[in-house]
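# Observations on the model geometry
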Amino acid sequence: MRTPVLLALLALGLLAPLAVYPVFMMKIYCFALFAMAFNLLFGFAGLMSFGHAAFLGSAAYVTGYAVKSLGFPPELGILAGTLAAALLGLVVGRLAIRREGIYFSMVTLALAQMVYFICVQAPFTGAEDGMQGIPRGHLLGFIDLDNMFAMYYFVLAIFLFGFFAVYRIVHSPFGQVLKAIRENEPRAISLGYDVQRYKLVTFVLSAGLAGLAGATKTLVFQLVTLTDVHWATSGEAVLMTLVGGLGTIFGPFVGAVVVVSLEHHLAGLGSWVTLIMGLIFMACVLMFREGIVGTSKALWLRRRPLPNPPTEAPLTAEA
């Protein structure tokens, strides 16, 4: 990762609230973190999950309940939601990784629907009304998060933490093993790696990051609804990842920017938004199979001039 690119992105993040509505940017950060969690599981480990909304929504409900009903400060509320999502990921992962391919995906979808119906019936979730009026509180006891700029930079810090966590995981020896499992699982097994354990750890990490996104989103919008645990939200994570670029570091963020921006600007069209998003998804799958980031990177490498081959020194009589 090039340092100038990172510094430029950091500068844009710091200056963004001066030009863009902060709540809109915070929504992008939350969904980008959610898409990065999904990309860690599918893009680098090859495990396609259709139920990641269960971790986003469960963390959102736990954080909302902890902050509103138990009086937790915001940092502890987010931590509680993240740990709850990771624990749920451990339970779901132990059941799901016993299957492969489409069967793995169907197991995650079925278990996510169970979480959805629990949230519908549980008394503390508010059912279809959801949780409303969740206080943001004071970070570390003295930073008032009702201040829009304070909340924005808090969310930006959480996003950067998640981004660098994913980057570190992917570029570590653990991440290289994940890529080996994705490319050729039998060969990884023959090399002596405990593939099931690597899959489970990745599933828990992905669930925890998705939970971090859901917990942060709760404080941003100060409410939690059944939409957060609905299967369509899991589909948004898939859409953002594929549009941005599967198996890339920046792809989920770019996909989140595109999808959230389209949803925001096309909101006046009502139900037509779903059709338009579906057409965009089809176009990306058919014409940009590597997503925006992957395709851009391929075009950049194709246009770069090839280095000149080293010339051999002429032979002399002494040689």
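Structure report, in brief. (Residues numbered from 1 in each chain as written. Predicted model: local features only at pLDDT ≥ 70, side-chain atom pairs only at ≥ 80, totals over all residues. Heavy atoms only, no water.)

Further remarks concern unusual backbone geometry. Among all residues save glycine, negative phi is the norm, and among peptide bonds the norm is trans. With phi around 60 degrees, Gln222 is a residue other than glycine that occupies positive phi space. Mapped onto the fold, Gln222 is located in the loop between helix H9 (195–221) and strand S4 (223–224). Take Gln222: its relative accessible area is 28%, and that puts it in the partly exposed class. (Helix = DSSP H or I, 4+ residues; strand = E, 2+ residues; numbered from the N terminus. Buried < 20%, exposed > 50% of the residue type's maximum accessible area, 1.4 Å probe, protein only.)

A few words on the packing of aromatic side chains. The tally for this structure, following the rule as stated, stands at 14 aromatic pairs. Ring centres 5.5 Å apart and planes at 85 degrees place the aromatic pair Phe163 and Phe164 in the edge-to-face group. The class for Phe163 is buried, based on a relative accessible area of 6%. (Phe/Tyr/Trp six-rings, centres within 6.5 Å; stacked < 30°, edge-to-face > 60°.)

In this model helix H4 (residues 74–96) runs 32 Å from its N-terminal to its C-terminal C-alpha over 23 residues, within 8% of the 33 Å that 1.5 Å per residue would give. Along H4, the positions that sit buried rather than exposed are Pro74, Gly77, Ile78, Gly81, Thr82, Ala85, Ala86, Gly89, Val92, Gly93 and Ala96. If you follow the buried residues of H4, they end up packed against helix H3 (53–68), helix H5 (102–121), strand S2 (138–139), helix H6 (148–170) and H9. (Expected span 1.5 Å × (residues − 1). Contact = heavy atoms within 4.5 Å.)

Here the focus is a nonpolar patch on the surface. Judged by side-chain polarity, Leu269, Trp272, Leu275, Leu279, Met282, Val285, Leu286, Met287 and Phe288 come together as a nonpolar surface patch covering roughly 940 Å² of accessible area. Among the secondary structure elements, Leu275 is positioned in helix H12 (residues 272–287). (Patch = residues over 30% accessible without salt bridge, like charges linked within 9 Å, V, L, I, M, F, W, Y side chains within 5 Å. Areas by Shrake-Rupley, 256 points an atom, 1.4 Å probe, with all protein chains shown as cover. Salt bridge = Lys/Arg side-chain N within 4 Å of Asp/Glu carboxyl O.)

Glancing now at the packing of H4 against H5. Each pair of packed helices gets described by two things: the angle between the helix axes and the distance between those axes. Close contact between H4 and H5 brings their axes to 9 Å; oriented N to C, the two are set at 140 degrees. Classified by the angle between their axes, H4 and H5 sit oblique to one another. As for how H4 packs across H5, the hand of that crossing is right-handed. For the pair H4 and H5, contact is made by Leu88, Val92, Leu95 and Ala96 and by Phe104, Val107, Thr108, Leu111 and Val115, respectively. (Axes fitted to C-alpha atoms, helices over the stretch in contact; angles between N-to-C directions. Parallel < 35°, antiparallel > 145°, perpendicular 65-115°, else oblique. Left-handed = near helix turned anticlockwise from the far one by under 90°.)

Once that is clear, we can look at the packing of helix H2 (residues 22–42) against helix H10 (residues 231–244). Packing of H2 against H10 leaves a shortest axis separation of 9 Å and a crossing angle of 80 degrees. Looking at the two axes, H2 sits roughly perpendicular to H10. On H10, the residues that touch Phe31, Phe34, Ala35, Phe38 and Asn39 of H2 are Thr233, Glu236, Ala237, Val238, Met240 and Thr241. Grouping the constituent residues of the contact of H2 with H10 by class yields seven nonpolar, three polar and one charged. (Nonpolar A, V, L, I, M, F, W, Y, C, P; charged D, E, K, R; others polar.)

Distances and angles like these do not, on their own, reveal function.
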